[in-house]
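# What the coordinates show
What follows is the residue order along each chain.
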Amino acid sequence: MSNNDLMEKLVSLCKRRGYVFQSSEVYGGLGSVWDYGPLGVELKRNVKDRWWRDMVSRPDIEGLDAGILMHPEVWVASGHVEGFTDPLVECKNCHRRFRADEITGDQCPICGVKHEFTEPRMFNLMFKTFMGPVEEEAAQVYLRPETAQGIYVNFLNVLNASRQKIPFGIAQIGKAFRNEITPGNFIFRTREFEQMEMQFFVKPGTDTEWFDYWRNERLEWMKSLGIRAEKLRLEQHTREELAHYAYDAYDIQYEFPFGWQEFEGIHNRTDYDLGAHQKRSGKKLEYFDQSANERYIPYIIETSGGVDRLMLVLLADAYREEEVEGEARVVLSLQPKLAPLKVAVFPLVKKDGMPELSQKIYDDLRSRFPAFHDESGSIGRRYRRQDEAGTPFCITVDGQTLEDETVTVRDRDTLAQDRVAVGKLSGYLAERIG
Ligand code: GAP
């Protein structure tokens, strides 16, 4: 299977099974915006919940939920108004627009005609809108292009309210918007996406140590989601690649079907952001260390991940095509803890009271585990549907159930079948899901 095929198959599975739909599809779709369906939204919640719990259950991390709209001065101070730009060129023949660095030869990648492109002009990636009823420049605000700035401008509020001491961090999950010139690769690069960002405030001089610590923590966290280690790597940014705020940066990359690409960044942002906000706002954003009787602007180590990109990593990593007893099957081997549905319950046949019994088992389980009941089609087809959906366990009520109140529990990955007493199903599943 070629890598292009894999992406096409993944997109089609995501639609078929209700993971991801194109936005506004009945109107022909809206470029680079995607909607999460019933299974997609569950997977997304599981990913975000896991990140949130693992971050804010630490005694040294607090949570925050800042607004998407912020004072426009925030983006002047942060450098985004001036520097959050990409060079844009236009094909003079077909008028398609590209990032200048994407054009490798002198032929247009779309119309293929050899001719000239317009001179590059810098294009700011921030979406603009207006606050209030008057559409004038004074009322212009931006949709945030990163969640981080909401944390920086709340640094002192959180510090004072939580009585934390440095080193400590602030974590936030939320939407971000970038008017990307060339979005693409499904949910990899979109114009509306979600970020999970954590800003860790440290004493200057200890930043290198904390940078190493968080780089390692984040890579290990990715492995803890079941992502194959050989598909993950850390790549340090070269001087030319560093963002305007970063002193040092590493990408956590995954080997996608379209090559190695970043899906989370760990950045040493020094005192750049707090220093810039202090200067522009005229308000002190310093930390006072009582024990040492010293005052300083903390350095910031940032871990910045995209929820949607991580979703693509998880889906691409879990996608397998296999042959089972001469029959092809597609399976999403998502970690049971992350899988949207944990269990499906089937009657082997639609008679002898089996459907009623399986319905009862389903009703008992669904308050504890996201579950699905399916009576239609052959048992093989029902298994295939759940394999594609990524459901780790399938319970089948059969003739023996009527005699001894046991059912089979089939493991999605090994296909092994355990016989389990109906009364013990809940405990059995809880243990297997972990
Ligand atoms: N606060 C730092 C920051 O925003 P970034 O490297 O620009 O750093 C962090 O973005 C993460 O956000 C990326 O690793 C990626 O997962 C996600 N991201 C950025 N732009 C994106 C886009 N257009 N579509 C989807 N995810 C995006």
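Each chain carries its own residue numbering, running from 1 in the direction its sequence is written. In keeping with the predicted nature of the model, local features appear solely for residues at pLDDT of at least 70, side-chain atom pairs appear and are counted solely at 80 or more, and the whole-chain, interface and lining totals rest on all residues. Each side-chain value is worked out from all heavy atoms of the structure, with water and hydrogens disregarded.

## Here we look at the sheet that holds strand S4 (residues 85-90)
If you trace the 3 strands from one edge of the open sheet to the other, you get S5-S4-S6, paired in antiparallel fashion. Looking at which strands have only one partner, the edges of the open sheet turn out to be strand S5 (97-99) and strand S6 (121-124). Adjacent strand axes in the sheet meet at a mean angle of 50 degrees, parallel and antiparallel pairs treated alike. For two strands to be treated as a pair, DSSP must find no fewer than two bridges joining them. To qualify as a helix, a DSSP run of H or I must reach at least 4 residues; to qualify as a strand, a run of E must reach at least 2; elements of each kind are numbered from the N terminus. In terms of strand pairing, S4 meets S6 through 4 bridges, oriented antiparallel. Bridging across to S6, Pro 87 finds its partner in Met 122. Axis definition: a line fitted to C-alpha atoms, limited for helices to the stretch in contact. Angles are taken between N-to-C directions and run from 0 to 180 degrees.

## Structural notes on unusual backbone geometry
A cis amide bond, omega 10 degrees, links Ile 166 with the succeeding residue Pro 167. In this fold, Pro 167 is placed in the loop between helix H6 (155-162) and strand S9 (168-177). Positive phi is not limited to glycine here, since Asn 293 has a value of about 55 degrees. Along the polypeptide, Asn 293 turns up in the loop between strand S14 (287-289) and strand S15 (294-296). Each residue's exposure class comes from its accessible area (1.4 Å probe, protein chains only) as a fraction of the maximum for that residue type: buried when under 20%, exposed when over 50%, partly exposed otherwise. Among the residues examined, Asn 293 registers a relative accessible area of 59% and is labelled exposed. At Asp 352, a position not held by glycine, the phi torsion is positive, near 55 degrees. Note on placement: Asp 352 falls in the loop between strand S19 (343-347) and helix H10 (354-365). For Asp 352, a relative accessible area of 53% gives the class exposed.

## Let's talk about the domain arrangement of the protein
Those domain boundaries reflect an automatic or database domain assignment. By the assigned domains, the protein splits into domain 1 (3-70 + 133-315) and domain 2 (341-433). For domain 1 and domain 2, the distance between their C-alpha centroids amounts to 38 Å. Residues are treated as being in contact if the distance between any of their heavy atoms lies within 4.5 Å. Listed as interface residues are 6 residues of domain 1 and, on the opposing side, 5 residues of domain 2. Taking both partners together, domain 1 and domain 2 bury about 510 Å²; carbon and sulfur atoms supply 46% of that area. Put simply, buried area is the surface a 1.4 Å probe can reach on two separate parts but cannot reach once they are joined, added for both.

## What to know about the pairing of strand S17 (residues 319-324)
Relative to strand S18 (residues 327-332), S17 is paired through 6 bridges, and the arrangement is antiparallel. Of the residues in S18, the one forming a bridge with Glu 322 is Arg 329. Linkage of S17 to S18, two consecutive antiparallel strands, is achieved through a turn of 2 residues, within which Glu 325 is found at a positive phi near 45 degrees.

## Here's the deal with helix H13 (residues 425-433)
Buried within H13 are the following residues: Leu 425, Tyr 428, Leu 429 and Ile 433. The arc that holds every buried residue of H13, seen down its axis, measures 120 degrees, which confines them to one face. At the C-terminal side of H13, Gly 434 shows a positive phi close to 85 degrees. Working note: the arc is built from the helix axis to C-beta atom directions.

## Examining the site of the ligand
Around the ligand sit 21 residues, and of these Glu 146, Glu 180, Thr 190, Glu 197 and Glu 262 come closest. At a separation of 2.8 Å, an oxygen atom of the ligand approaches a polar side-chain atom of Arg 178. Between N or O atoms, a polar contact is any pair within 3.5 Å; within protein, one atom must be a potential hydrogen donor and the other a potential acceptor, and residues adjacent in sequence are included only when both atoms are from side chains. A distance of 3.0 Å is found between an oxygen atom of the ligand and a side-chain nitrogen or oxygen belonging to Gln 195. Per-residue and other accessible areas follow the Shrake-Rupley method at a 1.4 Å probe size, with only the shown protein chains counted as cover for residues. Contact with the protein chains removes 93% of the 550 Å² of surface that the ligand exposes when unbound. Counting only elements with at least two residues in the shell around the ligand, the list comes to strand S10 (192-202), strand S13 (259-270) and strand S16 (299-306). Think of it this way: one heavy atom of a residue within 4 Å of a molecule or strand is enough to make that residue near it.

## Details of the pairing of S13
Along any regular strand the residues' side chains alternate between the sheet's two faces. Bridge count for strand S12 (residues 248-256) against S13 is 9 bridges, and the pairing is antiparallel. Directly across from Tyr 254, in S13, lies its bridge partner Gln 261. Counting the residues between successive antiparallel strands, the hairpin from S12 to S13 contains 2 residues. Relative to S16, S13 runs antiparallel, the two being bridged by 6 bridges. Bridge pairing in S16 places Thr 270 opposite Ile 300.

## Points about the side chain of Asp 411
Tracing the chain through its elements places Asp 411 in strand S22 (residues 406-411). Of the polar contacts made by the side chain of Asp 411, one reaches the backbone nitrogen of Thr 414; its length is 3.0 Å. If we skip the residues at most four places from it in the chain, Asp 411 touches Pro 392, Phe 393, Ala 416 and Arg 432.

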